[in-house]
Amino acid sequence: MRHKFVEYIPSQIEEDILYISIEYDVAKHKCPCGCGADIVTSLSPARWKLTYDGETVSLYPSIGNWSHGCKSHYWITNDNVVWAGQITNNQMNKVIRNDKEEVKKHIGGSSKSKGFIDWMKNIFRSH
Ligand SMILES: [Zn+2]
């Protein structure tokens, strides 16, 4: 994926380009799975954080397209799309519904499972 700093993000965007408008604190790209969905990420302390190292950009946290058919979940790190593997809504709901004991049984380790639950909840909340 390439990135492009623009003032206004065009309504018709090309694939494999992350358009970034610092002016309007927003970034937009086509879902990298090829489904054609336009993914808009607003840049703010509560939403996504954009880092630019002079050559490549990264977005944090991960991008989860739960509202689109493909449910793609990935990171954009140093201009690369890093796939997180697919997590379905069902799996997501299950994880959140399960109490900590239940989750602990599956993945083991109390501190580890708490971190895992927090991580899942964060992903869920941020979208
Ligand atoms: Zn997609």
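Above: the structure in question.
Residues numbered from 1 in each chain as written. Predicted model: local features only at pLDDT ≥ 70, side-chain atom pairs only at ≥ 80, totals over all residues. Heavy atoms only, no water.

Student: If you had to explain the overall build of the protein to someone new, which residues and values would you point to?
Tutor: The helix and strand inventory of the protein stands at 3 helices and 8 strands. When the helices and strands of the protein are placed in sequence order, the string is β-β-β-β-β-β-β-β-α-α-α. By residue count, 33% of the 127 residues in the protein fall in the buried class. Within the protein, contacts between residues at least 6 apart in sequence are counted, and of these 32% link residues at least 24 apart. When the accessible area of the protein is evaluated, it comes to approximately 7,800 Å², of which 50% is carbon and sulfur surface. (Helix = DSSP H or I, 4+ residues; strand = E, 2+ residues; numbered from the N terminus. Buried < 20%, exposed > 50% of the residue type's maximum accessible area, 1.4 Å probe, protein only. Contact = heavy atoms within 4.5 Å. Areas by Shrake-Rupley, 256 points an atom, 1.4 Å probe, with all protein chains shown as cover.)

Student: Residue-level account of the sheet that holds strand β3 (residues 26-30), with values.
Tutor: Spatially, 4 strands are ordered β1-β2-β3-β4 in an open sheet, and the strand pairing comes out mixed. At either margin of the open sheet sits one strand with a lone partner, and together these are β1 (2-5) and β4 (38-42). Here the average twist between neighbouring strands, direction ignored, is 20°. Summarising the sheet, strand β2 (residues 17-21) and β3 pair through 3 bridges and their orientation is antiparallel. When the sheet's bridge partners are listed, Ile20 is paired in β3 with Ala27. (Pairing = 2+ DSSP bridges. Axes fitted to C-alpha atoms, helices over the stretch in contact; angles between N-to-C directions.)

Student: Pulling in residues and values, what's your account of the environment of Val82?
Tutor: Considering the arrangement of structural elements, one finds Val82 in strand β8 (residues 80-83). The spatial distance from the C-alpha of Val82 to the C-alpha of Ser62 is 9.2 Å, given a sequence separation of 20 residues. Residue contacts for Val82: discarding those within four places in its chain leaves Tyr74, Trp75 and Thr77.

Student: Report on the pattern of salt bridges, specifying residues and quantitative values.
Tutor: Overall, the coordinates contain 2 salt bridges when judged by the stated rule. Across the pair Asp38 and Lys28 runs a salt bridge whose closest N-O atoms are separated by 4.0 Å. Linking Asp38 in strand β4 with Lys28 in strand β3, this pair joins segments that are 10 residues apart in sequence. (Salt bridge = Lys/Arg side-chain N within 4 Å of Asp/Glu carboxyl O.)

Student: Help me get a handle on a nonpolar patch on the surface, residues and values and all.
Tutor: Together, Phe5, Ile22 and Tyr52 make up a nonpolar patch on the protein surface, roughly 310 Å² of accessible area in all. Topologically, Phe5 is positioned in strand β1. (Patch = residues over 30% accessible without salt bridge, like charges linked within 9 Å, V, L, I, M, F, W, Y side chains within 5 Å.)

Student: Please give an account of the side chain of Thr41 that cites residues and values.
Tutor: Turning to its location among the elements, Thr41 is positioned in strand β4. Filtering out sequence-adjacent residues up to four positions away, Thr41 remains in contact with Val26, Ala27, Trp48, Leu59 and Ile63.

Student: Mind laying out the environment of Asn80, listing which residues take part and the relevant values?
Tutor: For Asn80, the position within the fold is in strand β8. Once the C-alpha coordinates of Asn80 and Val57 are considered, the two residues, 23 residues apart in sequence, prove to be 8.7 Å apart.

Student: Please set out the coordination of the zinc ion residue by residue, giving values where relevant.
Tutor: For the zinc ion, the full set of protein donor atoms is Cys31 (SG), Cys33 (SG), Cys35 (SG) and Cys70 (SG), and the range of their distances to it is 2.2 to 2.3 Å. One can describe the donor arrangement at the zinc ion as tetrahedral, given that its 4 donor atoms subtend angles of 105 to 112° at the metal. Sequence spacing among the residues donating to the zinc ion works out to C-x1-C-x1-C-x34-C. Taken together, the positions of Cys33 in the loop between β3 and β4 and Cys70 in the loop between β6 (57-64) and β7 (73-77) put the pair 37 residues apart, joining distant regions of the chain. Judged by relative accessible area, Cys33 falls into the partly exposed class, the value being 38%. (Donors = N, O, S within 2.8 Å, 3.2 Å for Na, K, Ca; no water. Tetrahedral: all angles 85-135°; square planar, octahedral: opposite > 155°, others 65-115°.)

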